Amino acid sequence: MQKLVTIYLDNGAYAKGKMLVGSFADKHGLVEEHLQSYLDDRWRIVSVTGFGGSAEGLATRGWFAVVLEKP
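Remember, it's a predicted structure, so these values are computed and weren't measured experimentally.

Enquirer: Sorry if this is basic, but what is going on with the overall build of the protein chain here?
Expert: Counting its secondary structure elements, the protein chain contains 1 helix and 3 strands. Shown N-terminal to C-terminal, the secondary structure of the protein chain runs as helices and strands in the order β-α-β-β. Taking as baseline every contact in the protein chain between residues at least 6 positions apart, the subset at least 24 positions apart corresponds to 57%. Here the protein chain has roughly 5,200 Å² of accessible surface; of this, 58% comes from carbon and sulfur atoms.

Enquirer: Teacher, can you tell me more about the pattern of salt bridges here?
Expert: Opposite charge on two side chains permits them to pair, given that their charged atoms come into close proximity. Going through the model one piece at a time under the given rule, you end up with 2 salt bridges. Where E69 meets R44, a salt bridge forms, and the shortest distance between an N and an O atom there is 2.7 Å. Placement of E69 in strand β3 (residues 61-69) and of R44 in strand β2 (residues 44-51) is noted, with a sequence separation of 25 residues between them.

Calculation notes
Residues numbered from 1 in each chain as written. Predicted model: local features only at pLDDT ≥ 70, side-chain atom pairs only at ≥ 80, totals over all residues. Heavy atoms only, no water. Helix = DSSP H or I, 4+ residues; strand = E, 2+ residues; numbered from the N terminus. Contact = heavy atoms within 4.5 Å. Areas by Shrake-Rupley, 256 points an atom, 1.4 Å probe, with all protein chains shown as cover. Salt bridge = Lys/Arg side-chain N within 4 Å of Asp/Glu carboxyl O.

Here it is in structure tokens:
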């Protein structure tokens, strides 16, 4: 059995109270589906892929997609 979980990252989280309009910094580094609880339940990480984001602007955002597997 496999499961896909996502992790959202936003460099606005490092602005220390100087957040830009439209930033999702409050979601920085949060695992959207409680990754740790799956790992505790013997799921294992099969792959990690990064996507999205940009280094051409002030705000950089992106995601990690994590595929978990459990026998």
